[in-house]
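As a plain string of letters, each chain reads:
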Number of protein chains: 2
Amino acid sequence: MMVLSYDVTIMKPNTKLDELTSFYKLLANESRLAILLALRDGEDNVAGICGQTGLSQTLVSHQLAALHHSDVVRSRKDGRRTFYALADKHIDIIVGFALDHLAEKEVHHE
Amino acid sequence: MMVLSYDVTIMKPNTKLDELTSFYKLLANESRLAILLALRDGEDNVAGICGQTGLSQTLVSHQLAALHHSDVVRSRKDGRRTFYALADKHIDIIVGFALDHLAEKEVHHE
DNA sequence: ACATCATATGACAATACCATCATGTGTCAA
DNA sequence: TTGACACATGATGGTATTGTCATATGATGT
């Protein structure tokens, strides 16, 4: 039972397969993905991310908490703001490759 | 529900975000991921995949149908068997990079 | 034709997930 | 210290996904 949602207890994955699944679950949501894509352009604070994505503050905070908990993003506090950034270059590359995959699919389909 | 205002045209198009989310949803399940990892070693038929993963025939068929429907795997029939394989090299690479990401995380954590 | 093998499909209960509302916590300025 | 600001957290209803059971389809051998 692998639970990812912010409103339920987050469980530590035991196996590699579990870990990999948990990782992809984080990417498998429109809101979280929008946030990650926004962060590809560089770090931003919560309000900024809300502006970039059009999502509510509450939702963004929840999703960032989930992403942060799994070390997909890192955070830095500055006064009453919190800035978030992609944790490492892999995230960026993985998203890039996925976009490539989708592009290639389109070509084959016509 | 994800609502993006029209004046935020700097963002990636809605459809791309949607597509990317759908793609990751396919990878965000232990059974499907186990199947994809099994197929990294080369094509295999349903019974073979069941053997490699320990999953039931019904479940494997269901998940393969989902993966096939989204062109993540391709199929080839031979008599009464159906052989499945990863649709393109991108899948392989994406999974590889994700594993790298997890490996790097572990190093940083100890 | 019949039995059997290999795989596919439909329906369904259990569970997981999502977005939202209401509210809480910490920071700064006056 | 009071109020506004920036963000975090808890709970909840609605919805989507998961895996299983029962059953269907199609190919092969006798």
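What counts, and where the lines are drawn
- Positions within a chain are numbered from 1, following the residues in the order the chain's sequence is written.
- Both sets of labels track the order of writing: A upward for chains, 1 upward for ligands.
- With the structure being a predicted model, the display of local features is reserved for residues of pLDDT at least 70 and the display and counting of side-chain atom pairs for 80 or more, all residues being used for whole-chain, interface and lining totals.
- Hydrogen atoms and water are omitted, and side-chain values are computed over all heavy atoms in the structure.
- For this overlay, a least-squares fit was computed on C-alpha atoms, restricted to residues scoring pLDDT of at least 70 in both copies.
- Only heavy atoms matter for contacts: two residues are in contact if any of them lie within 4.5 Å across the pair.
- Stacked, tilted and edge-to-face are the three classes applied to pairs of Phe, Tyr and Trp rings, where Trp contributes its six-membered ring and a pair requires centres within 6.5 Å; stacked means planes under 30 degrees apart, edge-to-face means over 60, and tilted covers the rest.
- Counting from the N terminus, the helices are the DSSP runs of H or I reaching at least four residues and the strands are the DSSP runs of E reaching at least two.
- Burial classes: relative accessible area under 20% of the type maximum marks a residue as buried, over 50% as exposed, and values in between as partly exposed (1.4 Å probe, protein chains only).
- Note on pairing: DSSP must find at least two bridges between two strands before they are called paired.
- Lines fitted to C-alpha atoms define the axes, with helix axes restricted to the stretch in contact, and inter-axis angles between N-to-C directions lie between 0 and 180 degrees.

- By the naming in an unreviewed UniProt entry, chain A goes by Transcriptional regulator and is assigned to Candidatus Cryosericum terrychapinii.

### Details of the relation of the copies chain B and chain A
Alright, step 1. Superposing chain B onto chain A takes a rotation of 180° plus a shift of 0.0 Å along the axis, which leaves an RMSD of 0.1 Å. The transformation relating the two chain copies, once decomposed into turn and shift, fits a two-fold axis.
Alright, step 2. In this assembly the copies share their binding face: 88% of the residues contributing to the interface of chain B also contribute to that of chain A.

### Thoughts on the packing of aromatic side chains
Alright, step 1. Counted according to the given criterion, the structure contains three aromatic pairs over all chains.
Alright, step 2. An angle of 25° between the planes, with centres 6.0 Å apart, marks the rings of Y24(A) and Y24(B) as stacked. In this pair, Y24(A) sits in helix α1 (residues 16–27) while Y24(B) sits in helix α1 (residues 14–27), so the two residues belong to two different chains.
Alright, step 3. Among the residues examined, Y24(A) registers a relative accessible area of 0% and is labelled buried.
Alright, step 4. Arranged with centres 5.5 Å apart and planes meeting at 55°, the rings of F23(B) and Y24(B) form a pair that is tilted.

### So, the sheet that holds strand β1 (residues 44–45) of chain A
Residues and elements named next belong to chain A.
Alright, step 1. Pairing within the open sheet is antiparallel, and its three strands lie in the order β1-β3-β2. The strands lining the two open edges of the sheet, one partner per strand, are β1 and β2 (73–78).
Alright, step 2. Bridge count between β1 and strand β3 (residues 81–86): two bridges; the pairing is antiparallel. Looking at β3, one finds that D44 is bridged to Y84.
Alright, step 3. Across the sheet, helix α2 (residues 30–39) touches β1, β2 and β3, and the angle it forms with β3 is around 85°.
Alright, step 4. Set on the sheet, helix α4 (residues 57–69) makes contact with β2 and β3; between it and β2 the angle comes to about 115°.

### As for the sheet that holds strand β1 (residues 44–45) of chain B
Residue and element names in this part refer to chain B.
Alright, step 1. Taken in spatial order, the three strands make up an open sheet running β1-β3-β2, and their pairing is antiparallel. The open sheet has two edge strands with one neighbour each: β1 and β2 (73–78).
Alright, step 2. With six bridges connecting them, β2 and strand β3 (residues 81–86) associate as antiparallel partners. For R76, the partnering residue across the bridge sits in β3 and is F83.
Alright, step 3. Packing against the sheet, helix α4 (residues 57–69) makes contact with β2 and β3, and its axis sits at approximately 115° to β2.

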